Each structure stands twice: as structure tokens, then as C-alpha cells.
Amino acid sequence: MKVILLQDVRGQGKRGQMIEVSDGYARNFLLPKKLAQEATADNVNTMRMNDKATQERQAKERAEAMEIAKKMKNFTVTVTAKGGGAGRLFGSVTNTEIADALAAQQGIKLDKRKLVLDEPIKTTGVYTVKCKLGYEITADLRVEVKEA
């Protein structure tokens, strides 16, 4: 019997795959536990439409990430923090503060977890922060830290 997997099944295949299994295995295990559905013409067509939609969505997200990476090369984000004089800061500049400043100054909303700091920023100056935009696309963002 041919079935389409709705979830990953160890030893059988990944979600969305169409596989051939014995009738008893499908009827007694896969179908009752909602791990698979029978591969009828309608279900196969639905699976193909979902795959096509997923590929289009991923292509769109990849293009958006490339566009953001191109934008990030041309500007510097300014972050102000309380300082104690001589270029030292009270505390450090965090990913959240950088993400908020990026959204406020350039209108680019990035999750704070996508910003990678090698070490905490504790002094004023210009730093380079790596941004992981997804789909193996990274960009370097220049961050200028000023004392308030």
C-alpha cells in the first residue's frame, strides 16, 4: 500500500514522502496514529501543491534575505549607552539594543538571536556585528556605540 507520511517515521522516511509499506503496517500502525495518509489521487495532488507553495515561499524569503544583506553593507547603526567617561560603558550593549536601533533607524526588523556578537561591547567605538539572515546568508553590520 502506498502512503504519504505526515510525520517523520524512523526507518521509513521523512514527512511528505510517499512510500510503499505493507497493508497491515499501514492499517494497524501508520493510519490510526495519524503518521500517514493513504496515497489517493487527491492526497498526492495536495502534497504536490503544498511542496510547490513551500518552495515558492522559501525562494521569496531567500530573496528578501539577499535584499537585506545588500542594504546592510551601506549604513552604520548608532547605539547610545550610559558611560562612565574615558570611553567605558556601564554594562554592555546587547543584541536587543542593536536590533531595536536597527528597526528604529533603518526600518529593518531582525530577531535579536540573528545578531552574533563575538564578545560583549563594553567600550565606545565602531564594531562589526555578524547577522545570520537565514538560508546560509550572512551580512556584516557596522555598529557605532556612543556614550550618552
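Refer to the structure above for everything that follows.
Residues numbered from 1 in each chain as written. Predicted model: local features only at pLDDT ≥ 70, side-chain atom pairs only at ≥ 80, totals over all residues. Heavy atoms only, no water.

**Quick word on the overall build of the chain**
To keep things clear, this is the line we draw: Helix numbering and strand numbering both begin at the N terminus, where a helix is a DSSP run of H or I of at least 4 residues and a strand a DSSP run of E of at least 2. Radius of gyration: over C-alpha atoms. The globule rule applied is 2.2 Å multiplied by the number of residues raised to the 0.38 power. Residue contacts follow a heavy-atom distance rule, with two residues in contact if any of their heavy atoms lie within 4.5 Å. Computed with the Shrake-Rupley method and a 1.4 Å probe, the accessible areas treat only the protein chains shown as cover for residues. Positive residues here are Lys and Arg, negative ones are Asp and Glu, while His and the chain termini are left out of the count. Lysine's charge is taken at NZ, arginine's at CZ, aspartate's at CG and glutamate's at CD.
A tally of regular secondary structure across the chain gives three helices and ten strands. Helices (α) and strands (β) of the chain occur, in sequence order from the N terminus, as β-β-α-β-α-β-β-β-α-β-β-β-β. Its C-alpha atoms give the chain a radius of gyration of 24 Å, more than 25% over the compact-globule value 15 Å for 148 residues. Once local pairs closer than 6 in sequence are excluded, the contacts in the chain between residues at least 24 apart make up 50%. Accessible area for the chain stands at about 10,000 Å²; split by element, carbon and sulfur atoms hold 47% of it. Taken together, the 26 basic and 19 acidic charged side chains of the chain have centroids lying 1 Å from each other.

**Here's the deal with helix α2 (residues 41-72)**
Going by this rule: Expected helix span is taken as 1.5 Å per residue step, with the number of steps being one fewer than the number of residues.
Spanning 32 residues, α2 covers 47 Å between terminal C-alpha atoms, matching the ideal 46 Å at 1.5 Å per step. As for α2, its buried residues are in contact with β1 (2-5), β2 (18-20), α3 (95-106), β9 (125-134) and β10 (137-147).

**Observations concerning the sheet that holds strand β5 (residues 83-85)**
The test is simple: Strands pair, by our definition, only if DSSP identifies at least two bridges between them. As a rule, the C-alpha atoms of each element are fitted with a line to give its axis, helices using only the stretch in contact, and angles between N-to-C directions run from 0 to 180 degrees.
Sheet architecture is open: three strands sit in the order β5-β6-β8, paired in antiparallel fashion. Strands with a single pairing partner mark the edges of an open sheet, and in this sheet they are β5 and β8 (121-123). The mean angle between the axes of side-by-side strands here comes to 15 degrees, regardless of whether they run parallel or antiparallel. Inspection of the sheet shows β5 paired to strand β6 (residues 88-93) by two bridges, in the antiparallel sense. Residue pairing for β6: G85 is matched across the bridge by R88.

**Details of the nonpolar core**
Using the following cut-off: Joining through side-chain atoms within 4.5 Å is the link that ties buried Ala, Val, Leu, Ile, Met, Phe, Trp, Tyr and Cys residues into a set, and such a set is a nonpolar core. Only protein chains enter the accessibility calculation, which uses a 1.4 Å probe; a residue whose area is less than 20% of its type maximum is buried, one above 50% is exposed, and one in between is partly exposed.
If you look at the biggest cluster of nonpolar residues, it comprises 25 residues, and the most contacted ones within it are M72, V93, I98, L102, L110, L133 and L141. Elements supplying a minimum of two residues to this core: α2, β4 (76-81), β6, α3, β9 and β10. For this core, the leading source of residues is β10, giving five residues. With sequence-adjacent residues up to four places away left out, L102 is seen in contact with M72, F75, V77, G107, I108, L110 and L141.

**Some points on the pattern of salt bridges**
Just so we agree on the cut-off: We define a salt bridge as a side-chain nitrogen of Lys or Arg found within 4 Å of a carboxyl oxygen belonging to Asp or Glu.
In total, this model carries two salt bridges according to the counting rule given. The residue E61 makes a salt bridge to R57 at a minimum N-O spacing of 3.5 Å. In this pair, E61 and R57 both sit in helix α2, four residues apart, roughly one turn of the helix. Overall, R57 belongs to the partly exposed group, its relative accessible area being 44%. Of the charged contacts, one joins D111 and R113 as a salt bridge, the two residues approaching to 2.8 Å between their closest N and O atoms.

**Here's the deal with the sheet that holds strand β7 (residues 115-116)**
Pairing within the open sheet is mixed, and its four strands lie in the order β4-β10-β9-β7. For this open sheet the edge positions go to β4 and β7, each flanked by a neighbour on one side alone. The pairing of β7 with β9 spans two bridges and is classified as antiparallel. Paired with V116 across the two strands is K130, which belongs to β9. Along the sheet face, α2 touches β9 and β10 and points at about 40 degrees away from the line of β10. The sheet contacts of α3 involve β4, β7, β9 and β10, and relative to β4 the element is tilted by about 125 degrees.

By themselves these figures say nothing about function.
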